[in-house]
Amino acid sequence: MPRVGVREIVAVNQVLIKGQLLRYRGGENGFTTRFEKELSAKIGVRHSLTVNSGTSALIAALVGAGIGPGDEVLVPAYTWVATAAAVLAAGAVPVLVEIDETLMMDPQDIERKITPYTRAILPVHMLNLVCDMDAISAIAKKHNLLLIEDACQGVGLSYKGRRVGSIGDVGAFSFNQYKNLNSGEGGAVVTSDDRIFSRALMYHDVGSYTRNHELNSNEPYFAGVNFRVSEVTGAILHAQLPRLDPWVRRMKKRRKIMADVLSRSKAFRVSPHNDPEDGAGLTIVFDRAAEAKSFASKRRGVERLIDTGRHVYTNWIPVMTRRTHNDRLNPYDWAQREIEYSEDTCPRSLDILARTCRVSLGPQFPEIASYAFARMLVRGTA
Ligand SMILES: *Cc1c(COP(=O)(O)O)cnc(C)c1O
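Quick caveat: nothing in here was measured; it's all calculated off a predicted structure.

Asks: Give me the lowdown on the sheet that holds strand S10 (residues 269-270), citing residues and values where you can.
Replies: Across the sheet, which stays open at both edges, the four strands sit in the order S10-S11-S13-S12 with antiparallel pairing between neighbours. On the outer flanks of this sheet lie S10 and strand S12 (302-304), each paired with one strand and no other. Of the strand pairs in this sheet, strand S11 (residues 283-285) and strand S13 (residues 356-359) are connected by three bridges, and their pairing is antiparallel. Along S13, the bridge assignment pairs Val285 with Thr356.

Written as structure tokens, this is what we have:
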């Protein structure tokens, strides 16, 4: 996450001094609206909608795409729990797909998990790395499925020259403190589909009449929720957006430097990646889980993926137990077949996660330190 700086402070002050904290009071010249326009232009989509979190962005994207009760949505076994929870919030059920060594959804397992009730594939770009979008898009097309990208961890990244979030029918970004754009909390829905945008817009503001000039007039009003952001959030994001690309470029450069040094080690391999040129994160994979565990325990800035809590499906307690806030509002009862999960639902994913470590690119240190840091990792002195 780029450090919050003086530009954000100045922008937020402008909002506070004006005293118009509701985004709509900012109008066309408001920070939030300008941020959305600039984000759309950067990502290459027709519409962006700022919302209060990445989870909200996923829910609004799913609702926008018309996903609901009776639908199955394919999600990877390795992602933040919010991906699966968002599917449930839309009334559909998540079906777990194995990851491969790239740590993203395995296209071959997607084919195996498709049923007559599958409506959408929800690939997740994890760890500042990207999914195999060529293969996944081809499967979506072949089976006539919607493609919804969880790009919460991949804001600003590209896959073969196209920005993630813009490749599928609709994408979701998160702007929480850990992500590539940081407004503390925040998110965005990005799409070039007028109808998905209209429905997401309506849903995010209790069936909005406020921006009815932007709504597709063929879309009847339905009740929604409140996922709005305040103009304070919009001001932070607008101030920070110009720093996004330089930030991603720096991370890409560090990945290259470190991957180069680390790939000389015989103890592990740098994980294969779906687009090595565009990777802005780094993971290494061992032959055995015990080796990965010992490597991570002895080094700073290294974390074994199986030990990252609710990123691993076996730790998604509400999903594993299929529990929602009200028994009669339970998407599993509306599914067209029995959907069950167990520890063994995705054994290959667990094996890969137990053998893989994330390596910090050390953004807090100058770039020159990347060489030394990588050599220290290899030697075990980090
Ligand atoms: C962060 C994240 C989310 C949710 O974002 P919030 O802004 O925390 O709601 C969803 N999916 C993935 C993969 C994430 O990393």
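Asks: Account for the packing of aromatic side chains, naming residues and giving values.
Replies: Summed over all chains, the structure comprises seven aromatic pairs. Geometrically, the ring pair formed by Phe173 and Phe175 is tilted, given 6.4 Å between the ring centres and 40° between the ring planes. Between Phe286 and Phe295, the ring centres sit 5.2 Å apart and the planes meet at 55°, which makes this aromatic pair tilted. Residues Phe286 and Phe295 agree in their burial class; the two are buried. When the ring centre of Phe295 is taken as origin, the NZ or CZ atom of Arg299, which lies over that ring, is 3.8 Å away.

Asks: Could you give me a rundown of the site of the ligand, with the residues and numbers involved?
Replies: Close to the ligand lie 17 residues, the nearest being Gly54, Thr55, Gln153, Ser174 and Lys179. Asp150 has a polar side-chain atom sitting 2.8 Å from a nitrogen atom of the ligand. In the model, an oxygen atom of the ligand is placed 2.8 Å from a nitrogen or oxygen of the Gln153 side chain. Protein contacts shield 92% of the accessible area of the ligand, which totals 380 Å² for the unbound molecule.

Asks: An account of the environment of Ile352 is needed here, citing residue identities and associated values.
Replies: Considering the arrangement of structural elements, one finds Ile352 in helix H14 (residues 347-355). Counting along the chain gives 46 residues from Ile352 to Ile306, while the straight-line C-alpha distance between them is 8.4 Å. When residues no more than four places from it in sequence are discounted, the contact partners of Ile352 are Ile99, Asp100, Glu101 and Leu103.

Asks: Please give an account of the sheet that holds strand S3 (residues 93-97) that cites residues and values.
Replies: Spatially, the seven strands line up as an open sheet ordered S1-S9-S8-S5-S4-S2-S3, and their pairing is mixed. One side of each edge strand has no neighbouring strand; the edge strands of this open sheet are strand S1 (47-51) and S3. The sheet shows a mean angle of 25° between the axes of neighbouring strands, direction not considered. Relative to S3, strand S2 (residues 72-76) runs parallel, the two sharing five bridges. If you follow Leu74 over to S3, its bridge partner there is Val95. Sheet strands touched by helix H7 (residues 133-142): strand S4 (118-121) and strand S5 (146-150). Its angle to S5, the strand with the most contacts, is close to 150°.

Asks: Residues and numbers for the domain arrangement of the protein, please.
Replies: Each assigned domain of the protein is listed here: domain 1 (6-244) and domain 2 (245-379). With 51 residues of domain 1 at the contact, the number on the domain 2 side is 43 residues. For the pair domain 1 and domain 2, the two sides together bury roughly 4,000 Å², of which 62% comes from carbon and sulfur. When the area that domain 1 buries against domain 2 is broken down by residue, the three leading residues are Leu96, Glu98 and Glu101, summing to 16%. Linking domain 1 with domain 2 are six salt bridges.

Rules used throughout
Residues numbered from 1 in each chain as written. Predicted model: local features only at pLDDT ≥ 70, side-chain atom pairs only at ≥ 80, totals over all residues. Heavy atoms only, no water. Pairing = 2+ DSSP bridges. Helix = DSSP H or I, 4+ residues; strand = E, 2+ residues; numbered from the N terminus. Phe/Tyr/Trp six-rings, centres within 6.5 Å; stacked < 30°, edge-to-face > 60°. Buried < 20%, exposed > 50% of the residue type's maximum accessible area, 1.4 Å probe, protein only. Lys NZ or Arg CZ within 6 Å of the ring centre and 35° of its normal. Near = heavy atom within 4 Å. Polar contact = N/O pair within 3.5 Å; in protein donor to acceptor, adjacent residues only side chain to side chain. Areas by Shrake-Rupley, 256 points an atom, 1.4 Å probe, with all protein chains shown as cover. Contact = heavy atoms within 4.5 Å. Axes fitted to C-alpha atoms, helices over the stretch in contact; angles between N-to-C directions. Domains from an automatic or database assignment. Buried area = accessible area lost by both parts, 1.4 Å probe. Salt bridge = Lys/Arg side-chain N within 4 Å of Asp/Glu carboxyl O.

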